[in-house]
Amino acid sequence: MNKMSELHEFTQLFNDYRGRFIHFAYTYVGDEMVAEDITLESLMSYWENRFSLEPGSNIPAYILTIIRNKCLNYLHHLRIRQNAEEYLQMMDKWELDLHISSLKAFDPSHVFSEEIERIVDDTLNRLPEQTRLIFMKSRYENLSHKDISAQLGISTKSVEFHITKALKALRISLKDYFPIFLLFSELF
């Protein structure tokens, strides 16, 4: 068979079955563009493998088998994507539920309880003297970084460094009270 007759045979097969193949794929995948892509890929797969088929093979059945397998692959991938989306939605819901239950359990009257005050005091007492002094001036005396640096004769960058160091120590100490730490750091 010469190239022209092969091409004519393929064109005839394409024209005779293309619509039916697309309809078959569309029945399962529910998307016209995807059905067309699957059909064209299947026809190309047949064309690339046509010499490996036994003589007298049922070519439309062979192509339909390829289409079926590609539809199955598409649907499996679709299911995996949907499962992933459902999982992400479930995780979002879980996180939202966690936030709701955390807020319901949060008792504002305990924000400045004796235990937290003790943790803060202990943490501040463990800090180097200059860090503690700068933090106290900033948070308890409400002095600006500029005022603190002028009082202590250090740069504002040093003041920022010591405040950051103190806040880091408090964050570690109050890790179990994180919402309270956020409130504490905002209040001061």
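Up top is the structure.
The numbers attached to residues start from 1 for each chain and follow its sequence in the written order. Per-residue local features of the predicted model are confined to residues with pLDDT of at least 70, and side-chain atom pairs are confined, for both listing and counting, to 80 or more; whole-chain, interface and lining totals are unaffected and use all residues. Calculation of side-chain values draws on the structure's entire complement of heavy atoms; hydrogens and water are dropped beforehand.

S.K.: Whenever I open this one, helix α7 (residues 156-173) confuses me. Can you help?
M.R.: Along an α-helix, residues three or four positions apart point the same way, because every turn accommodates 3.6 residues. Helix length check: α7, at 18 residues, gives a terminal C-alpha distance of 26 Å against a target of 26 Å (1.5 Å per residue), a fit within 8%. Relative accessibility under 20% of the residue-type maximum defines a buried residue, over 50% an exposed one, and the middle range a partly exposed one, all with a 1.4 Å probe and only protein chains included. Helical segments are the DSSP runs of H or I of at least four residues, strand segments are the runs of E of at least two, and each set is numbered from the N terminus. Those residues of α7 that sit buried are Val159, His162, Ile163, Ala166, Leu167 and Leu170. Seen from one end, α7 has its buried residues packed into an arc of 135°, which puts them on one side. Summarising the geometry of α7, the exposed residues directed more than 90 degrees from the buried face are Lys157, Phe161, Thr164 and Ile172. By definition here, a helix of n residues has an expected span of 1.5 Å times n minus one. Think of the arc as the fan of directions from the helix axis to the C-beta atoms.

S.K.: Looking at this model, I keep getting lost on helix α4 (residues 114-126). Mind explaining?
M.R.: Counted at 1.5 Å a residue, the expected span for α4 with its 13 residues is 18 Å, and the 18 Å between its end C-alpha atoms agrees. For α4, the complete set of buried residues consists of Ile116, Ile119, Val120, Thr123 and Leu124. Projection of α4 onto a plane perpendicular to its axis shows the buried side chains occupying an angular sector of 125°, all on one side. Relative to its buried face, α4 has exposed residues pointing more than 90 degrees away, namely Glu114, Asn125 and Arg126.

S.K.: Explain the pattern of salt bridges to me, please; I cannot follow it from the model alone.
M.R.: Working definition: two side chains of opposite charge can pair if their charged atoms are close together. When a carboxyl oxygen of Asp or Glu lies within 4 Å of a side-chain nitrogen of Lys or Arg, that pair is called a salt bridge. All chains considered together, the criterion is met by six salt bridges. Here Lys137 makes a salt bridge to Glu141, at a shortest N to O gap of 3.8 Å. For Lys137, a relative accessible area of 12% puts it in the buried group. The salt bridge partner of Lys157 is Glu160, with a shortest N-O separation of 3.9 Å. Linking Lys157 with Glu160, this pair stays in helix α7, spanning three residues, or about one helical turn.

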